[in-house]
Amino acid sequence: MTDGQVIKRARYKSSVKDFGVPGVLKMTRERFFFMPNDPKSSARLNVEFRLVKGHKFTKEGSNKQALLNLTVDQGGNYIFEFDTFSDRDACREYVATAIAVSGEAGRAGSERSAAPLQDEQLSHAEMERRIRLLQEDSELQKLHKQLVIGGVLSEAEFWATRKKLLDENASRKSKQQVGLRNDMFHVKPSSDGQSNKVTFNLTPEIIHQIFAEKPAVRQAFLNFVPSKMTEKEFWTKYSRAEYLHSTKNVVVAAAEAAEDDELAVFLKQDDMAASEARRKIRRVDPTLDMEADEGDDYTHLPDHGLSCDGSKDVTDSPYELYRRSLLQELNRHAAVVLEGRAIDVELGDTRSVAEALARSKQDDLTDEVSDGNINQERLDRISRMAEIDDLQAPRDLAVAPLCIKDPRDYFDSQQANAIKSLGDTLAGAKQMKCSLSTAEAYGSLRDYISEIKTSGLNDSIVKPEVALKVLNGLTQSISSTKYHLGKNPHESVLDRLPYVAKQELLHHWMSIQELLKHFWSSYPITTTHLFTKVSRLKDAMSQIYPKLQEIKESVQSDFRHQVSLLVQPMLQALDAAFAHYDADIQKRSAKSGERPNGFV
Amino acid sequence: MTTVPSKLYADDVSLLMVLIDTNPFFWSTVKNTFTFSNFLSHVLPFLNSILLLNQLNQVVVIATGYNSCDYIYDSSLAAPNQRAESLLGKLEEFVTRDEELSQQNSIEGVWSSLLSGSLSMALCYIQKVFRSGPLHPQPRILCLHGSPDGPGQYVAIMNSIFSAQRSTVPIDSCVIGSQHSAFLQQASYITGGVYLKPQQLEGLFQYLSTVFAADLHCRSFLQLPKPVGVDFRASCFCHKNTIDMGYICSVCLSIFCKHHKKCSTCGSVFGQAQTNVASASDRKRKTTET
């Protein structure tokens, strides 16, 4: 990237399986060339990066080819195979930046292909992050296109205000912890079928899982290796034990265990796991009656409903020790997988893994046992859970009754505004206060009632001319409130505008905000760089004025008033910026008038 | 209530709860422009026309008095073909009873009718109808109100409004007084009803039949007068200034423009800083219990 171009030896292939044409791949900012070693070959290439849409590459691995695949706009692709991965990676990084640059430039239809990049050296990852951000957010992309490619802001300036966005994105990307695999029988013995040899494949991953699932094995490893046996011997023994289990031959297992103490460790039931399980059971809600649930599931079936060959179901007590139930293993495995990867140790070193696991378990243990009497706690819990309301002392909640001295205050705090919005004044209320005698008032009311009782209803309830007046008044007020917009929060003026106008308005609003942000942040102007930036911003902002005017004129006359109301704050914000700019320029020229020498 | 189960309530059958303001003091102040008998001569034909619009329509009238309120007419209890004029007798009785409850001989200052009471009664009636069976008429409340708002009823009225909102009962309001009613404005705004203050009271019937006669189903097809929007900004309790930002009592929701040591509405003592929050709440408890 430093010298502006990359030249590597590569083979051009039409497909992955093709052997390819050997030659030289040369990349410059705008395009890449491929020159075959055989000058007569027709596989000569000269492609602009503008046309390249994306790139793919193979993962680095011992037996893989170092491939780079460039996909082109019109479909089709160019595949190059490199001699080494480092060659390929050099080209890949170059391609990535080149595509990004020419891609944006191409979209904008501008000739300034690599300009935005020139003032800074960006890491490949940083560049990709920005590109992804732009791709995810079409509004941002629009702004970027307008301001950066349009030359108003530089790439760095544009992103400087969005550092947070970049950071957030980076943190979101932070590596996720990989959990344990959840398949259980990953240590499958495989036999070649000819000899009697049975092979077990153990990876550090699997060893970690074995340690987590079988504390006894972990303990044995810490005890025996390397004092008593080598790691290889240990795992051979373990595999032997596993094999014996897989044959399900309890008698043989017992016999072998009797001969070999160490093997017995693996064959016997895991005491540590069992004690852990017991401890967990103690923590179960004491009021939970598991027996009551019996029959709800299949646990009451022999062997938990799992089919098994009934022949070996005899419970011979000496062998019982060597029997493992599938369900136990399943539960244990599930618990470990759900617990997740608790330790943060490189998996390579078996011993350190075992130690770390042992330590983390120990921590758990001390946490629990530290307060000593678990039993007491259990009893407390029982009494707490099985509380009988009648036997409890009345619980006085410390709640004070709400006492509101004068609810009138609530009314006063709202009424003033509510009435104001209707164009009423409180003066009317004052007028209505007058002194009246109760008897007089009630008497006159009764008189009115008896009056209508005797005279009955009028023949024409409403005079036609009054009715017409009422109807006209109602129609007028309804038709006027129909266009009385903006007061109702549920409907926005924007929604009534044509879609294009709405989008444009929103976009202008965004870009004005962006420009103003940069504009104000460059004050006070201390360097020439800021000075040129401000004038650039000013020019860009002044271009928005006619565009807003255009929108205003393009909409129907119904909406013109609304649009101008919307545009008003935008114009005000811009005007404020211009006023500041002019004032600043004047101050500068005044100052430079006083001191004509050497002030920029 | 004699609801015959065989009645087929379609979505255009209404139960109209009409709250009539019978505050004698209000009607005395407006007797020069619009008398109570005038008012009744507009309202009774309106009630009759509601009953004529649909055979199953039901009208219940509640009188909102100064000291009390009561049901004065229920079309489902009236004899067949009896018109709404029959409520006049009950109304007369009600006014007499309301007078008997008065304690003072004359009234000074602001007098308001018991709107909270009649709203609650209307809502209770509607609840009874709701529980009468799966099919029932569509209820709505119409307030024909003229008296000024009673600030003391604020909490009760707001509670009624919210309960109406909860059971989706619109509260329509027709203000016949000279000033707008903040209560009814809010009530209609919150419950989705129509708020109207007629300019020409001599054409009241025309207003009622144009705006408030249509059933709820029809309303979705009509352009009815829309609320201009209610200003929900609050003013502080201490100076009655409109504020955008202020302090709110966490106990009773009173609003203040500046920090007070003690809530003037409910008497809770406020803590000063975060450090002595615990002691403040202790104190609060003590003070409120005593």
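Residues numbered from 1 in each chain as written. Chains lettered and ligands numbered in written order. Predicted model: local features only at pLDDT ≥ 70, side-chain atom pairs only at ≥ 80, totals over all residues. Heavy atoms only, no water.

**Focus: the sheet that holds strand E7 (residues 77–82) of chain A**
All names here are of chain A. In plain terms, the rule: A pair of strands is treated as paired once DSSP finds two or more bridges between them. Numbering of helices and strands runs from the N terminus, with a helix taken as a DSSP run of H or I at least four residues long and a strand as a DSSP run of E at least two residues long. Lines fitted to C-alpha atoms define the axes, with helix axes restricted to the stretch in contact, and inter-axis angles between N-to-C directions lie between 0 and 180 degrees.
A sheet is described by the order of its strands in space; here 7 strands give the open sequence E4-E3-E2-E1-E7-E6-E5, paired in antiparallel fashion. Strands at the two margins of the open sheet, each flanked by one partner only, are strand E4 (45–48) and strand E5 (52–57). Averaged over all pairs of adjacent strands, the angle between strand axes in this sheet comes to 30°, irrespective of strand direction. Judged from the 5 bridges that link them, E5 and strand E6 (residues 66–72) form a sheet pairing that is antiparallel. What sits directly across from Gly54, in E6, is Thr71.

**A few points about the nonpolar core**
Defined as follows: Grouping buried Ala, Val, Leu, Ile, Met, Phe, Trp, Tyr and Cys residues that are joined through side-chain atoms within 4.5 Å yields what is termed a nonpolar core. Any residue under 20% of the maximum accessible area for its type is buried, any over 50% is exposed, and the rest in between are partly exposed; the area is computed with a 1.4 Å probe on protein chains only. For this analysis, residues touch if any pair of their heavy atoms sits within 4.5 Å.
One finds Phe36(B), Phe39(B), Phe46(B) and Leu47(B) to be the most contacted residues of the largest nonpolar core, which totals 55 residues. It is helix H2 (residues 36–53) of chain B that contributes the most residues to this core, 9 residues altogether. Beyond its immediate stretch of four places on either side in the chain, Phe46(B) contacts Leu16(B), Leu142(B), Phe205(B), Leu208(B), Ser209(B), Phe212(B) and Ala213(B). In this structure, Tyr410(A), Leu19(B), Ile141(B) and Phe183(B) belong to the second largest nonpolar core, which totals 43 residues.

**Some details on the environment of Arg31(A)**
Residues and elements named next belong to chain A. With respect to the helices, strands and loops of the structure, Arg31 is situated in strand E3 (residues 31–36). Given a relative accessible area of 25%, Arg31 falls into the partly exposed group. Separated by 26 residues in the primary sequence, Arg31 and Gln5 have C-alpha atoms spaced 9.9 Å apart. Once you skip the residues sitting within four places of it in the chain, Arg31 turns out to touch Lys26, Asn46, Val47, Glu48 and Phe49.

**Structural notes on the pattern of salt bridges**
Any two side chains of opposite charge can pair, on the condition that their charged atoms come close. Just so we agree on the cut-off: Salt bridges are defined as contacts in which a side-chain nitrogen from Lys or Arg sits within 4 Å of a carboxyl oxygen from Asp or Glu.
Per the stated rule, a full pass over the model turns up 11 salt bridges over all chains. Here Glu99(B) ties to Arg446(A) by a salt bridge, and the two come within 2.9 Å at their closest N and O atoms. On the criterion of chain membership, the pair formed by Glu99(B) in helix H3 (residues 87–100) and Arg446(A) in helix H18 (residues 438–455) is interchain, its members lying in two chains. Residue class for Glu99(B) comes out partly exposed when judged on its relative accessible area of 21%. A salt bridge links Asp70(B) to Arg97(B), with the nearest nitrogen and oxygen atoms 3.0 Å apart. Of the two residues, Asp70(B) sits in strand E3 (residues 69–74) while Arg97(B) sits in helix H3, which places them 27 residues apart along the sequence. Judged by relative accessible area, Arg97(B) falls into the partly exposed class, the value being 38%. One continuous salt-bridge network, built from bridges that share partners, spans Arg11(A), Lys13(A) and Glu81(A).

**Brief notes about the pairing of strand E5 (residues 138–145) of chain B**
Every other side chain in a regular strand lies on the same face of the sheet, so the side chains alternate between the two faces. Residue and element names in this part refer to chain B. Our working rule: With its strands directed away from the observer, a crossover is right-handed exactly when the path from the first strand over the helix to the second travels clockwise.
Counting buried residues in E5 gives 7 out of 8 residues, a clear majority hidden from the surface. Taken together, the 7 bridges between strand E1 (residues 14–21) and E5 define a ladder with parallel strand orientation. Across the sheet, the residue bridging to Leu16 is Arg140, located in E5. Of the strand pairs in this sheet, E5 and strand E6 (residues 171–175) are connected by 5 bridges, and their pairing is parallel. Residue pairing across strands places Ile141 opposite Ile171, the latter belonging to E6. Handedness of the E5-helix H5 (residues 154–166)-E6 crossover: right-handed.

**Regarding the environment of Ile461(A)**
Within the fold, Ile461(A) resides in the loop between H18 and helix H19 (464–482). Residue class for Ile461(A) comes out partly exposed when judged on its relative accessible area of 28%. Excluding residues within four positions of it along the chain, Ile461(A) makes contact with Ser41(B), His42(B), Pro45(B) and Phe205(B).

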